[in-house]
Amino acid sequence: MKHVIKSHLTDRSDQEKFCFSLTCKECGSEWRSTPIRFSKAGEVPPTEAKRIIAKALYQREHAQAMEHALSEAVQHFNVCPLCHGLVCNYCFIICDDLDMCRSCTTALHEKGEAVMELTLNEAFV
């Protein structure tokens, strides 16, 4: 599932911080990863050699931040096994036979509860 999520990530990073987002296919809500500050944010490399080093460091930290964002994203998003859409926990429905997105649930006349609703209900039991 991580490869599907990774292909849908939008990079919101800048020179100061790393951040990524996903948009739910169903409701259009946007989720953003926890921003991670670049270790050299605000620093201007004084030489060309230091600029090369800073660029390599930025790329390495960017890749690490993306992996962290992927780990966060799998807690908030699911892939529908029928339409293969990426949907948030509010739009992913736990059904009797097969869990699926809200659109597929409606089209197939299935009933169930959203992952987020179940999570909230379990928190109060």
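Quick note: structure is the one above.
Q: Before we move on, could you go through the overall build of the protein chain and cite the residues and values that matter?
A: Counting secondary structure elements, the protein chain contains four helices and ten strands. When its helices and strands are written in sequence order, the protein chain yields α-β-β-β-β-β-α-β-β-β-β-α-β-α. For the protein chain, the C-alpha radius of gyration of 19 Å lies well beyond 14 Å, the compact-globule estimate for 125 residues. On the principal axes, the C-alpha backbone points of the protein chain span a range of 65 × 30 × 20 Å.

Q: Outline the pattern of salt bridges, supporting the account with residue identities and numerical values.
A: Overall, the coordinates contain six salt bridges when judged by the stated rule. With a shortest N-O distance of 3.1 Å, Arg32 and Glu30 are connected by a salt bridge. In this structure Arg32 comes out as partly exposed when scored by relative accessible area, which is 45%. We classify Glu30 as partly exposed; its relative accessible area is 39%.

Q: Tell me about the pairing of strand 8 (residues 92-95), residues and numbers included.
A: Pairing analysis gives two bridges linking strand 8 to strand 9 (residues 100-101), with the strands arranged antiparallel. By the bridge assignment for strand 9, Ile93 is matched with Met100. Counting the residues in the hairpin turn of strand 8 and strand 9 gives four residues.

Q: So what's going on with the packing of aromatic side chains? Which residues, and what values?
A: Any two aromatic rings considered together are summarised by their centre-to-centre distance and by the angle between their planes. The final tally for this structure, using the stated rule, is four aromatic pairs. With a centroid separation of 4.9 Å and an interplanar angle of 50°, the aromatic rings of Phe18 and Tyr58 are classed as tilted. Of this pair, Phe18 sits in strand 2 (residues 17-18) while Tyr58 sits in helix 2 (residues 48-73), and the two are 40 residues apart along the sequence. As far as burial versus exposure is concerned, Phe18 and Tyr58 are alike and both buried. Ring geometry for Phe38 and Tyr58: centres 5.0 Å apart, planes at 80°, overall edge-to-face. Within this pair, whereas Phe38 is found in the loop between strand 5 (36-37) and helix 2, its partner Tyr58 is found in helix 2, the two being separated by 20 residues in sequence. The burial state of Phe38 is the same as that of Tyr58; both residues are buried.

Q: Requested: an account of unusual backbone geometry, with residues and values cited.
A: You will see that His84, though not glycine, has its phi angle at about 65°, which is positive. One can find His84 in the loop between strand 6 (77-79) and strand 7 (86-88). For His84, a relative accessible area of 55% puts it in the exposed group.

Q: Summarise the environment of Ser39; cite the residues concerned and give the values.
A: Position of Ser39 among the secondary structure elements: in the loop between strand 5 and helix 2. Once the C-alpha coordinates of Ser39 and Leu57 are considered, the two residues, 18 residues apart in sequence, prove to be 8.5 Å apart. Leave out the neighbours within four places in its chain, and Ser39 touches Leu57 and Glu61. Side-chain polar atoms of Ser39 contact the side chain of Glu61, separated by 2.4 Å.

What counts and what doesn't
Residues numbered from 1 in each chain as written. Predicted model: local features only at pLDDT ≥ 70, side-chain atom pairs only at ≥ 80, totals over all residues. Heavy atoms only, no water. Helix = DSSP H or I, 4+ residues; strand = E, 2+ residues; numbered from the N terminus. Rg over C-alpha atoms; globule rule 2.2 N^0.38 Å. Salt bridge = Lys/Arg side-chain N within 4 Å of Asp/Glu carboxyl O. Buried < 20%, exposed > 50% of the residue type's maximum accessible area, 1.4 Å probe, protein only. Pairing = 2+ DSSP bridges. Phe/Tyr/Trp six-rings, centres within 6.5 Å; stacked < 30°, edge-to-face > 60°. Contact = heavy atoms within 4.5 Å. Polar contact = N/O pair within 3.5 Å; in protein donor to acceptor, adjacent residues only side chain to side chain.

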